[in-house]
Amino acid sequence: MPVQVIVGAQWGDEGKGKVVDMLSERADIVARYQGGANAGHTVCIGEKTYILHLIPSGIFHNHITCVIGNGVVIDPAALMSEIGQLQQAGINITGRLLVSHNAHLIMPYHKQLDSIREQSSNKIGTTGRGIGPAYIDKFMRVGIRIVDLLDRDVLAKKLKASIEEKNQIFTKVYGETKIDVDAIIAEYQEFDKKIDEYITDTSAYLNQALKEGKKIIAEGAQGALLDVDHGTYPYVTSSNPTSGGACTGLGIPPTSVTDVVGIVKAYSTRVGNGPFPTELLDNTGERLRTLGHEFGATTGRPRRCGSFDAVALKYSALINGISRTVITKLDVLDAFDEINVCVGYELNGKRLKSFPSDVKTLEQIHPVYETFPGWKTPISSARTFSELPAATRSYVQALADLTDTKTWIVSVGPRRDQTIVINQ
Ligand code: GDP
Ligand code: IMO
Ligand code: MG
């Protein structure tokens with residue numbers, strides 16, 4: 001199985017970190033293909049909890065090589081800090097981390113622009129990590145890439161040109177002070193020495209690995225409904241978390257992908273603004289937040305919580321080509337008497353045939369719910385599907401039936417061992 005793509009099937013934070021760490025046992029390479037330090041992927045090993053923002057979640061297995069692909073936007077300060085934290089925790093990353101020479105850099109002015117834009121009335125509720133502005137520069141063809149760090153003259157020339165234009169925007173549009181070009185040049189030239197050992201042509205590396213029959217996990221960040229093309233635009237991130245993004249974001253052919261695994265939370269959450277048809281603003285939502293510890297791994301913001309949305313998931317499975325799913329956080333539902341699942345959307349009394357692509361319609365639809373009985377018993381220690389209560393098994397089966405997906409694994413706790421493989 002050459003390339004297995006792991007995608008967040010909802011609005012992010014589905015538990016991709018846990019699943020990628022767990023699946024890494026049987027892989028050779030784990031590669032991130034999009035996003036940046038907006039991601040927060042949690043891996044719990046024994047009593048220890050690690051939160052990764054840029055480094056792939058396979059890093060805790062010594063046999064794994066981790067790749068940060070060309071599609072990722074890299075804040076070198078965040079990367080260095082993450083490398084430092086892992087080293088302090090005794091994780092050996094020497095020779096195990098490769099960074100694409102073609103990946104774009106997040107500059108201090110990207111974060112500044114992100115924060116200024118978020119002060120407007122149509123704010124997205126971004127993570128403030130400079131993601132949107134960095135991708136704007138990439139597509140405007142004025143971005144600074146990792147490879148530019150290697151040549152001081154090129155870096156200085158490109159930065160000067162880019163900052164000159166940015167300064168016009170800062171001073172004339174936003175009434176802010178100018179950015180100090182020399183300070184930024186000096187700061188980023190320093191990264192050259194530190195980052196040099198990791199830089200390589202990762203696309204060539206991955207294609208060679210494919211030739212050698214190695215198994216690659218492509219780790220998505222965010223989720224399908226935050227995809228800039230397929231998500232709830234404009235309340236999305238600025239990249240393609242959907243499975244197609246894995247090929248462009250790593251420089252590997254679509255024919256190398258043989259498996260697309262959708263990570264699916266047993267209920268729904270969303271961080272930031274934008275439509276959320278099944279959001280629960282009541283006590284049930286509050287209980288989900290508390291029991292599921294639903295607070296952002298990157299910003300600490302409380303996550304908005306709601307019922308499972310089968311309409312959204314069916315759409316996500318379609319655009320990602322999900323071959324099988326991992327249902328996470330099933331144990332969070334242990335305490336509920338009954339569990340609602342959204343099985344359809346109604347607009348003006350009519351059932352919609354597909355997931356609406358515009359925000360206005362999404363805000364107007366009425367979710368139609370089906371209610372399932374809860375199991376009212378702890379399931380975190382179950383290790384086989386048959387050990388789960390009948391009501392839990394029915395709920396898992398219903399999610400699969402309602403979304404036209406096959407369930408591969410269910411997760412009943414944050415640790416590696418709290419996992420049940422249903423179908424090998
Ligand atoms: P990611 O961004 O998709 O990697 O997900 P996050 O790490 O942001 O959020 C998922 C949270 O749920 C983390 O705190 C995980 O440790 C935790 N988690 C993952 N799987 C399970 C599970 O099956 N049960 C419980 N209770 N927690 C889980
Ligand atoms: P992981 O990989 C959940 C959300 C932000 C905001 C929108 C745009 O941990 O699942 P951005 O900073 O990307 O410009 O913000 O996207 N967002 C996430 N929500 N999980 C994430 O990552 C997210 N990364 C960005 O909250 O609504
Ligand atoms: Mg997260």
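Just so it is clear, the model here is predicted, and its values are computed rather than measured.

Calculation notes
- Residues numbered from 1 in each chain as written.
- Chains lettered and ligands numbered in written order.
- Predicted model: local features only at pLDDT ≥ 70, side-chain atom pairs only at ≥ 80, totals over all residues.
- Heavy atoms only, no water.
- Helix = DSSP H or I, 4+ residues; strand = E, 2+ residues; numbered from the N terminus.
- Buried < 20%, exposed > 50% of the residue type's maximum accessible area, 1.4 Å probe, protein only.
- Contact = heavy atoms within 4.5 Å.
- Areas by Shrake-Rupley, 256 points an atom, 1.4 Å probe, with all protein chains shown as cover.
- Lys, Arg positive; Asp, Glu negative; His and termini not counted.
- Charge placed at Lys NZ, Arg CZ, Asp CG, Glu CD.
- Near = heavy atom within 4 Å.
- Polar contact = N/O pair within 3.5 Å; in protein donor to acceptor, adjacent residues only side chain to side chain.
- Nonpolar A, V, L, I, M, F, W, Y, C, P; charged D, E, K, R; others polar.
- Domains from an automatic or database assignment.
- Buried area = accessible area lost by both parts, 1.4 Å probe.
- Salt bridge = Lys/Arg side-chain N within 4 Å of Asp/Glu carboxyl O.
- Donors = N, O, S within 2.8 Å, 3.2 Å for Na, K, Ca; no water.
- Axes fitted to C-alpha atoms, helices over the stretch in contact; angles between N-to-C directions.
- Parallel < 35°, antiparallel > 145°, perpendicular 65-115°, else oblique.
- Left-handed = near helix turned anticlockwise from the far one by under 90°.

Looking only at helices and strands, one finds twelve helices and 20 strands in the chain. Each of the 424 residues in the chain was classed as buried or not, and the buried ones make up 56%. Considering only contacts within the chain whose residues lie at least 6 apart along the sequence, 76% involve residues at least 24 apart. Looking at the chain as shown, the accessible area adds up to about 18000 Å², and 50% of this sits on carbon and sulfur atoms. Computed over 45 positive and 47 negative side-chain charges, the separation of the two mean positions in the chain equals 1 Å.

Our next topic: the site of ligand 2. The local shell around ligand 2 holds 20 residues, among which Lys16, His41, Thr127, Gln222 and Thr237 are the closest. In the model, an oxygen atom of ligand 2 is placed 3.4 Å from a nitrogen or oxygen of the glycine 125 main chain. Here an oxygen atom of ligand 2 sits 2.9 Å away from a polar atom, N or O, in the side chain of arginine 301. Protein coverage of the free-state accessible area of ligand 2, which is 550 Å², stands at 98%. A class-by-class count of the residues in the shell around ligand 2 yields seven nonpolar, ten polar and three charged.

Taken together, 19 residues lie near ligand 1, and Lys16, Gly17, Thr42, Asp331 and Ser411 sit nearest. Within the backbone of glycine 40, one N or O atom sits 2.9 Å away from an oxygen atom of ligand 1. Glycine 413 is positioned such that a nitrogen or oxygen atom in its backbone is 3.1 Å from an oxygen atom of ligand 1. Protein chains shield 91% of the accessible area of ligand 1, which is 580 Å² for the free molecule. Considering only residue class, the shell around ligand 1 consists of five nonpolar, seven polar and seven charged. The residues that make up the shell around ligand 1 include at least three from each of domain 1 (3-100 + 198-261) and domain 3 (264-421).

Before going further, it helps to examine the domain arrangement of the chain. According to the domain assignment, the chain contains domain 1 (3-100 + 198-261), domain 2 (104-194) and domain 3 (264-421). Computed over C-alpha atoms, the centres of domain 1 and domain 2 are 24 Å apart. Taken together, the two surfaces of domain 1 and domain 2 that pack against each other cover about 1700 Å², and 67% of this comes from carbon and sulfur. Counting the surface domain 1 buries against domain 2, the share from its top three residues, Val73, Pro76 and Ile199, is 30%. Lysine 111 is the salt-bridge partner of aspartate 75, the closest N and O atoms lying 2.7 Å from each other. The interface formed by domain 1 and domain 2 holds five residue pairs in polar contact (both at pLDDT 80 or more) in total. Residue classes in the side of domain 1 that touches domain 2 are distributed as 13 nonpolar, ten polar and one charged.

Around the magnesium ion (ligand 3), the protein contributes the donor atoms Asp13 (OD) and Gly40 (O), at 2.1 to 2.2 Å from the metal centre. Residue aspartate 13 is found in the loop between β1 (3-8) and α1 (16-23), and its partner glycine 40 is found in the loop between β2 (29-32) and β3 (41-45); the two are separated by 27 residues along the sequence. Residue aspartate 13 is classed as partly exposed on the basis of its relative accessible area, which comes to 22%. A relative accessible area of 11% means that glycine 40 is categorised as buried.

Relative to the assigned elements, glycine 17 resides in helix α1. Glycine 17 gets classed as buried once you look at its relative accessible area, which sits at 3%. Remark: the alpha-carbon pair of glycine 17 and glycine 58, spanning 41 residues in sequence, is separated by 8.5 Å. Every residue in contact with glycine 17, bar those within four places of it in the chain, is listed here: His41, Thr42, Val43 and Ser57.

A separate point is the side chain of glutamine 4. Locating glutamine 4 in the fold gives a position in strand β1. Judged by relative accessible area, which is 1%, glutamine 4 ranks as buried. Only 2.9 Å separates the side chain of glutamine 4 from the side chain of aspartate 259, close enough to count as a polar contact. The contacts of glutamine 4, once residues within four sequence positions are left out, are Leu23, Lys215, Ile216, Ile217, Ala218, Asp259, Val261, Arg324 and Trp408.

Contact pair helix α3 (residues 108-117) / helix α4 (residues 131-140): the axes reach a minimum separation of 7 Å and the direction vectors enclose 120°. As far as their axial angle goes, α4 and α3 are oblique. In this structure, the crossing between α3 and α4 has a hand that is right-handed. In this structure, α3 contributes Tyr109, His110, Leu113 and Asp114 to the contact, and α4 contributes Ile131, Pro133, Ala134 and Asp137. Its residues assigned to classes, the contact of α3 with α4 shows five nonpolar, one polar and two charged.

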